[in-house]
Amino acid sequence: MVSKKIGKKMIFFLGALGGLLYGYDMGVISGALLYIKDDIPLTSFTEGLVVSSMLIGAIFGSGSSGPLSDKFGRRRLVFMISIIFIIGALTLAFAPNMVTLVVGRLIIGLAVGGSTAIVPVYLSEMAPTESRGSLSSLNQLMITIGILSSYLVNYAFADIEGWRWMVGLAVVPSFVLMVGVIFMPESPRWLLENRGKEAARSVMKLTRKPDEIEKEIDEMIEINRISDSTWNVLKSSWLRPTLLIGCTFALLQQIIGINAIIYYAPTIFNEAGLGDVTSILGTVGIGTVNVVVTIFAIMIIDKIDRKKLLITGNIGMVSSLIIMAGLIWTIGLGSDVTAWIIVACLTLFIVFFAFTWGPVLWVMLPELFPMRARGAATGIAALALSIGSLLVAQFFPLLTEIMAIEQVFLIFAAIGIGALFFVVKYLPETRGRSLEEIEADLRARTSASETNDAGSMHN
């Protein structure tokens, strides 16, 4: 039973809590790796496997969670995800060998994949149009808070090399999510389709002004009237281009370089000349910047077009990578100067990512897809995101063995340039429009394109 006394802020806090767990489990392994190797021997390949196995699990989690959320509801699935998080954290904390480490990370990955698919959809569907950007961005804020929390925990246990405490403490926010979801309302769009207008209306009263509710319900009913089943919508020709755009967008966000920093920052700093504890402390600084800039981004994301933010981010991230590669090439590794140049440039990269690509992706993905298949389509895009994250996690250590670190970051810069082209040419603008208006426009544009194509063939 959902509490009628639950506040609007608490709804969105609990709704975004899955993002905190995603961030924690993504960031904690970076510090834990420094000490796991003392207890459990790891090669470059098995080190990458321990990191990337979470992403393998996430591929299955994100691919299956979307259709499940459309069938059973967002809220029930989040409850299941919280339990999987707890099981995975305990498995890691008591892991006796590399195989168990990988299994624990796979379990965690199932929950991570589920949260990346469901949390953005839930926040987007719960939020009113005028504040959808800032409220949906709470997912990215929670991810950054989770990453920072993991860095702080890593630093706290660094002196005793307590990597089991580092990975095991994920149980605490997982338990909070499991209890909190009991008091969360279900998404009004899912309720309208599965429980009727009155159920949807009662939830919308928690987050919307009275005069907005009936108009939005009418729009949802009209969209439902002209929509087919989830599977037919997914395979329809009018959705296919948007699904491809969404998957490409998600993939690019992961391979643009951010995960190399999140997963391997302490290792990068350590190889650049900083000690173990100092390297972890450097990641705490980066994590703090990530959270602060994301908070600022949330404050302005509904005031600036999404595409303008993404383009700005691309320019900043690419510039920071090129500057860093050039300075390392000139000065070389091994000196304190080089180490702090890397810290400064990676921090600059984080600033631009956290201000733009970090939050904007999670806002735009559910905006791009139609109501009838929003969970499933976002799940497919999250699957592409998990594949991108897996590629970076598995191959970054191998690339740094066969190439100079500056060359690896130049590869990320080249990907950033390609991402800039993608945003300019293919990504639609969604700010200031209701989810139903975006869907109606998508249908109209695709229909017009098909009519033009048919006319050309006829002529």
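Here the structure is shown first, and the text comes after it.
About the thresholds
- Residues numbered from 1 in each chain as written.
- Predicted model: local features only at pLDDT ≥ 70, side-chain atom pairs only at ≥ 80, totals over all residues.
- Heavy atoms only, no water.
- Helix = DSSP H or I, 4+ residues; strand = E, 2+ residues; numbered from the N terminus.
- Buried < 20%, exposed > 50% of the residue type's maximum accessible area, 1.4 Å probe, protein only.
- 1 Å grid on protein atoms, 1.4 Å probe; cavity = no way out; pocket = protein on both sides within 12 Å on 5 of 7 lines; lining within 4 Å.
- Points joined across faces, edges and corners; volume = space filled by probe spheres on them.
- Nonpolar A, V, L, I, M, F, W, Y, C, P; charged D, E, K, R; others polar.
- Axes fitted to C-alpha atoms, helices over the stretch in contact; angles between N-to-C directions.
- Parallel < 35°, antiparallel > 145°, perpendicular 65-115°, else oblique.
- Contact = heavy atoms within 4.5 Å.
- Salt bridge = Lys/Arg side-chain N within 4 Å of Asp/Glu carboxyl O.
- Arc of directions from axis to C-beta.
- Left-handed = near helix turned anticlockwise from the far one by under 90°.

**Some words on the environment of A414**
Thought 1: Here A414 is to be found in helix 20 (residues 405-426).
Thought 2: For A414, a relative accessible area of 47% gives the class partly exposed.

**Focus on empty space enclosed by the protein**
Thought 1: Taken as a whole and judged by the stated rule, the model has one cavity of 30 Å³ or more.
Thought 2: M26, Q140, I143, I258 and F353 are, among the 13 residues lining the largest cavity, the residues nearest its centre.
Thought 3: Elements with a minimum of two residues in the lining of the largest cavity: helix 1 (8-39), helix 6 (138-156), helix 13 (240-255) and helix 14 (258-272).
Thought 4: Each residue belonging to the lining of the largest cavity can be placed in one class, and the counts come to eight nonpolar, five polar and no charged.

**Re unusual backbone geometry**
Thought 1: Residue E161 is not a glycine yet carries a positive backbone phi of 55 degrees.
Thought 2: Locating E161 in the fold gives a position in the loop between helix 6 and helix 7 (163-168).
Thought 3: The exposure class assigned to E161 is partly exposed, which follows from its relative accessible area of 41%.

**Considerations on the packing of helix 18 (residues 357-368) against helix 19 (residues 374-402)**
Thought 1: Orientation of helix 18 relative to helix 19, taken along the N-to-C sense of each, is 140 degrees, at an axis distance of 9 Å. Of the possible angle classes, the one that applies to helix 18 and helix 19 is oblique. Across the interface between the two elements, L361, W362, L365 and P366 of helix 18 pack against R374, T378, A381 and L385 of helix 19.

**Here we look at the pattern of salt bridges**
Thought 1: Applying the stated criterion across every chain, the model contains one salt bridge.
Thought 2: In this structure, R201 and E198 form a salt bridge, with 2.8 Å as the shortest nitrogen-oxygen distance. Placement of the pair is R201 and E198 together in helix 10 (residues 197-204), with a separation of three residues, close to one helical turn.
Thought 3: With a relative accessible area of 15%, R201 lands in the buried category.

**Regarding helix 10**
Thought 1: Here helix 10 has its buried residues at A200, R201, V203 and M204. The buried residues of helix 10 occupy one face: seen down the axis, they fall within an arc of 165 degrees.

**So, the packing of helix 3 (residues 74-93) against helix 4 (residues 98-126)**
Thought 1: The contact between helix 3 and helix 4 brings their axes to 8 Å, and the two run at 155 degrees. One way to sum up the angle between helix 3 and helix 4 is to call them roughly antiparallel. Pair helix 3 / helix 4 crosses with left-handed handedness.
Thought 2: For the contact of helix 3 with helix 4, the class distribution of residues is 17 nonpolar, six polar and three charged.

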